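Read off the chains here:
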Amino acid sequence: MINKQSKTKSQLKKERQVKLTALLLFLMIALCFFISLNTGHIRLSPQETLSTLFGQGTEQQSLILFDFRLPRMVIAILVGMGLAVSGAVLQGIVRNPLAEPGIIGINAGAGLAVMLFISFFATVSDAPVFLMPIIAFVGAGGAALLVYLLSYKRHEGISPIRLVLTGIAIAAGIDALMIVLTLRLDPENYQFLATWIAGSIWGSNWKFVLALLPWLLVFMPLIYSKSSVLNILNLGDETAIGLGAHMEKERRILLALAVVVAAACVSVSGGIGFVGLIAPHLTRRLVGDKHEYIIPISAMVGGLLLLIADTLGRGMIQPSEIPAGIIVAVIGAPYFLYLLAKTKD
Amino acid sequence: MGWSKEQMDEKEQLRKVKETARPTVGISILSVGTLLLIFSVALSISLGAADIDLKTVWTTIFRFNPDLVDHQIIWELRIPRVIGAAIVGSCFAVSGALMQGMTRNPLADSGLLGLNAGAAFMLALCFAFFPGLSYSYVILFSFLGAALGAGIVYGVGSLSENGLTPIRLVLAGAAVSALLGALSEGIALYYEIGQDLAFWYAGGVSGTTWGQLKVVTPWLCLALLGAIALSRSITILSLGEEVAIGLGERMGRVKLLSAIIILILAGAAVSVVGAVSFVGLIVPHLARRLVGHDYRWIIPASAMLGALLVVLADLTARIINPPYETPIGALIALIGVPFFLYLARKGGGHV
């Protein structure tokens, strides 16, 4: 009896802790959001920003804010959320702390598809921009499927190590193909593509927000509803099998969900790696191993991370921009190496 | 003789490895390989955007006349290019063989373990900040870069509890390549040297000049000779640390020397052609299949097969889609990826 009571007590404590973490993250996002609104090629002072937000700025100020900056920031946050959740799911199902969306070929596939699409049209400006996310999405999904099929073995299913090695190899192969095609692009298209691959939030337009949002609104709750499945999968294959053979099916469904969410994100943001790696890790540090908590909190961490990276990229070297993906990689790769040194296979 | 029982076992293991060696195959690879190499070099010199018959090639080499356009093309463009391809192929292949033997890791290759990315990163820095730097310095930067990449990968791998498992090295290599790649990309975007860098990075021997060859060749000859000199010790290391210690091999010294040779080979090769991966992965496996597990045969055979592979790849790259040049790095990766997948799959979860 006492035991049971103390358990609920510790559960309550845990819940309070998670709520507090969520609140803090929310405040940080709000703060970064405000700072980000002020940063960029044309600087706006905080007062100007505020008055423009309430509809009292000059025409130019509201143009910058509402048509350029805000949509881009919203996309950064959404993409960060999507990639982080996708990473959390992948890490859960392959039970490998080093899994992340980029590693199953999503970024490479999307890059190749976009590249083929641009080579097909004479210049970037001729291409109907709206097709781009769809094409990227198809490429990302295709590459992920290829990686899955190549690392699948009958009777054994998917081993995490094989998945990771296959992903690395497929990405190398796709990179090689892209290099062959790259050299024929004219300089304007090349610059666009290079920036896209480096992971720059290029779809800074409300229409792209609308293109991305439905995917997240439909699939993230679906993933959240599978939290308990992820918890079981995380316990290890034996436990999972003991609980029923449908675990393999669940694993496949979750993998598909993770791919869809990540592909949607990459299609508007270009190849951003490591967010899906770092965010779930930091989250596990903050709230522990339960996926009911990991999924929403890592979404917030991912959104915050990418918003910061994009803001830094816009503000660091004026007037050039550094793609957010590069900043994330420069922070993320050392973190990955640190994890690699710490984990035992 | 006074051998203890364990030492007898270790002698036995070494003897077994030596018995599996196939010197006849090795000798035929070297002799037939030389003939094939001469043939493909001649072919490579005569084929290209301007077709030139073999007789003109012959007269160019022995009676060079700077007034003839054909002679100019052959002497200034084609010959350095094909020599560059052969040398670079040997270097990547031998560095791969040394790495695989030393680390007992079947996936070791200068491209997968971050050496190429490190060298490329340093070269990006050179392009951006010292555009007019002389080639001898560029090469030094390239060595430093290779050492930087390898140092991080090796360091991270050995920091962990289970040590340097193959999978850990590959993952660390991928992460270090991603990091250095992102930094190079940032530099390239900022200084707008992207497409120059991309062409170079993609791997191509088309730009090889006599000047470059003069700088790299002495380094490479020394390194290749060093590799051959070390080959016996590498065979012993490839049997595992315990056997090596049992046979009285000084592991520290051998490892240090091999590491230096690997860095010179990979660094110089990258500075000539850019980051070509997978030569060092494919060729040593092939060589082992053919000549057995004795590195005294594997290393020379790898040098020969690597030279052949890259010369042929370069030839294909030129004639596959004229007048465009397909980068050989890309071409070799397209052959190498399926091979890597096969190795990863065959090794199951353990590699």
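Residues numbered from 1 in each chain as written. Chains lettered and ligands numbered in written order. Predicted model: local features only at pLDDT ≥ 70, side-chain atom pairs only at ≥ 80, totals over all residues. Heavy atoms only, no water.

- Named according to an unreviewed UniProt entry, chain B is Iron chelate uptake ABC transporter family permease subunit originating from Gracilibacillus salitolerans.
- What the UniProt record of chain B gives under Subcellular location (unreviewed entry) is the line "Cell membrane".
- The UniProt entry for chain B carries the following comment under Sequence similarities (unreviewed entry): "Belongs to the binding-protein-dependent transport system permease family. FecCD subfamily." (UniProt positions renumbered as here; feature names shortened; annotations may be inferred.)

- Chain A appears in an unreviewed UniProt entry as Iron chelate uptake ABC transporter family permease subunit from Gracilibacillus salitolerans.
- UniProt annotates chain A under Subcellular location (unreviewed entry) with the comment "Cell membrane".
- Regarding chain A, the relevant UniProt record gives this comment under Sequence similarities (unreviewed entry): "Belongs to the binding-protein-dependent transport system permease family. FecCD subfamily."

### What about the overall build of chain A?
Right, on to step 1. When its secondary structure is counted, chain A shows 14 helices and 2 strands.
Right, on to step 2. By residue count, 54% of the 345 residues in chain A fall in the buried class.
Right, on to step 3. Look at the contacts in chain A between residues 6 or more apart in sequence, and 76% of them connect residues 24 or more apart.
Right, on to step 4. Counting only carbon and sulfur atoms, one obtains 68% of the accessible surface of chain A, whose full area is about 15500 Å². (Helix = DSSP H or I, 4+ residues; strand = E, 2+ residues; numbered from the N terminus. Buried < 20%, exposed > 50% of the residue type's maximum accessible area, 1.4 Å probe, protein only. Contact = heavy atoms within 4.5 Å. Areas by Shrake-Rupley, 256 points an atom, 1.4 Å probe, with all protein chains shown as cover.)

### Topic: the overall build of chain B
Right, on to step 1. When helices and strands are tallied, chain B shows 14 helices and 0 strands.
Right, on to step 2. Mapped from its N terminus to its C terminus, chain B presents α and β elements in the order α-α-α-α-α-α-α-α-α-α-α-α-α-α.
Right, on to step 3. The globule rule puts the C-alpha radius of gyration for 351 residues at 20 Å, and the 21 Å found for chain B is close to it.
Right, on to step 4. A principal-axis box enclosing the C-alpha atoms of chain B has dimensions of 75 × 50 × 35 Å. (Rg over C-alpha atoms; globule rule 2.2 N^0.38 Å.)

### Examining the packing of helix α4 (residues 106–120) of chain A against helix α5 (residues 131–151) of chain A
Geometrically, a packed helix pair is captured by the angle between its two axes and the distance between the axes.
All names here are of chain A.
Right, on to step 1. The N-to-C vectors of α4 and α5 enclose an angle of 135°; their axes lie 7 Å apart at closest approach. Relative to α5, α4 is oriented oblique. Remark: the crossing between α4 and α5 carries right-handed chirality. Every residue of α5 that contacts α4 at Ile 106, Gly 109, Ala 110, Ala 113, Val 114 and Phe 117 is listed here: Leu 131, Met 132, Ile 135, Ala 136, Gly 139, Ala 140, Ala 143 and Ala 144.
Right, on to step 2. Grouping the amino acids of the contact of α4 with α5 by side-chain chemistry returns 12 nonpolar, 2 polar and no charged. (Axes fitted to C-alpha atoms, helices over the stretch in contact; angles between N-to-C directions. Parallel < 35°, antiparallel > 145°, perpendicular 65-115°, else oblique. Left-handed = near helix turned anticlockwise from the far one by under 90°. Nonpolar A, V, L, I, M, F, W, Y, C, P; charged D, E, K, R; others polar.)

### Looking at the pattern of salt bridges
Right, on to step 1. Within this structure, the stated rule accounts for 6 salt bridges over all chains.
Right, on to step 2. Residue Arg 72 of chain A pairs with Asp 310 of chain A through a salt bridge whose shortest N-O separation is 2.8 Å. With Arg 72 of chain A in helix α3 (residues 59–94) and Asp 310 of chain A in helix α13 (residues 291–315), the pair connects residues that are 238 residues apart, well separated along the chain. Neither Arg 72 of chain A nor Asp 310 of chain A differs from the other in exposure class; each is buried.
Right, on to step 3. Note that Arg 318 of chain B and Asp 314 of chain B form a salt bridge whose closest N and O atoms lie 3.7 Å from each other. In this pair, Arg 318 of chain B and Asp 314 of chain B are both assigned in helix α13 (residues 295–319), 4 residues apart and thus about one turn of the helix distant. With respect to burial, Arg 318 of chain B and Asp 314 of chain B carry one shared label: buried.
Right, on to step 4. The network of salt bridges with shared partners includes Arg 72, Asp 310 and Arg 314 of chain A. (Salt bridge = Lys/Arg side-chain N within 4 Å of Asp/Glu carboxyl O.)

### Structural notes on the UniProt feature "transmembrane region" (unreviewed entry) in chain B
All names here are of chain B.
Right, on to step 1. Taken from the UniProt record, the annotation "transmembrane region" (unreviewed entry) applies to residues 21–45, 79–99, 111–130, 136–157, 169–191, 256–283, 295–315 and 327–344.
Right, on to step 2. The span residues 79–99 is 100% helical and 0% strand by assignment, and the distance between its end C-alpha atoms comes to 30 Å.
Right, on to step 3. Summarising residues 295–315: 100% helix, 0% strand, and an end-to-end C-alpha distance of 29 Å.

### Some thoughts on the nonpolar core
Grouped burial of nonpolar side chains is what soluble globular proteins tend to show.
Right, on to step 1. Among the nonpolar cores identified, the biggest contains 201 residues, and Ile 93 and Leu 306 of chain A together with Leu 98 of chain B are the most heavily contacted of them.
Right, on to step 2. At 15 residues, helix α4 (residues 69–103) of chain B tops the list of elements feeding residues into this core.
Right, on to step 3. If sequence neighbours within four positions are ignored, Leu 98 of chain B has contacts with Ala 227, Ile 234, Ser 258, Ile 261, Ile 262, Leu 265 and Ile 299 of chain B.
Right, on to step 4. Formed by 19 residues, the second largest nonpolar core is a distinct cluster that contains Leu 44, Leu 65, Met 73 and Val 301 of chain A. (Core = buried A, V, L, I, M, F, W, Y, C linked by side-chain atoms within 4.5 Å.)

### A word on the interface of chain A and chain B
Right, on to step 1. Taken together, the 47 residues of chain A in the interface contact 45 residues of chain B.
Right, on to step 2. In total, about 3900 Å² of surface goes out of reach between chain A and chain B, with carbon and sulfur atoms giving 75% of it.
Right, on to step 3. In terms of surface lost to chain B, no three residues of chain A exceed Leu 165, Leu 183 and Leu 337 of chain A, which account for 16% of the buried area on that side.
Right, on to step 4. In this assembly, chain A and chain B are joined by 0 salt bridges. (Buried area = accessible area lost by both parts, 1.4 Å probe.)

### A short note on the confidence of the model for chain B
Residues and elements named next belong to chain B.
Right, on to step 1. Summarising the model, chain B shows a mean pLDDT of 80, and 90% of its residues fall at 70 or more.
Right, on to step 2. Within chain B, α13 carries the highest mean pLDDT (89), whereas helix α8 (residues 194–202) carries the lowest (63).
Right, on to step 3. Here the predicted complex carries an ipTM of 0.75, next to a pTM of 0.80. (pLDDT = per-residue confidence, 0-100.)

### Some points on the packing of aromatic side chains
Right, on to step 1. A complete count under the given rule lists 7 aromatic pairs over all chains for this structure.
Right, on to step 2. With 4.9 Å between their ring centres and 65° between their planes, Phe 143 of chain B and Trp 219 of chain B make a pair best called edge-to-face. Placement of Phe 143 of chain B in helix α6 (residues 135–159) and of Trp 219 of chain B in helix α9 (residues 210–237) is noted, with a sequence separation of 76 residues between them.
Right, on to step 3. With relative accessibility at 11%, the residue Phe 143 of chain B sits in the buried group.
Right, on to step 4. Look at Trp 219 of chain B and you get partly exposed, because its relative accessible area is 35%.
Right, on to step 5. Each member of the aromatic cluster is reached from another via a ring pair, and the members are Phe 137, Trp 215 and Phe 219 of chain A. (Phe/Tyr/Trp six-rings, centres within 6.5 Å; stacked < 30°, edge-to-face > 60°.)

### Thoughts on α6 of chain B
Right, on to step 1. Its 25 residues place the ends of α6 of chain B 36 Å apart at the C-alpha level, agreeing with the 36 Å of an ideal helix rising 1.5 Å per residue.
Right, on to step 2. Those residues of α6 of chain B that fall on the buried side of the exposure criterion are Tyr 135, Val 138, Ile 139, Ser 142, Phe 143, Gly 145, Ala 146, Gly 149, Val 153, Val 156 and Gly 157 of chain B.
Right, on to step 3. Elements in contact with the buried residues of α6 of chain B: α14 (324–342) of chain A together with α5 (115–129), α7 (166–191), α9 and α11 (251–273) of chain B. (Expected span 1.5 Å × (residues − 1).)

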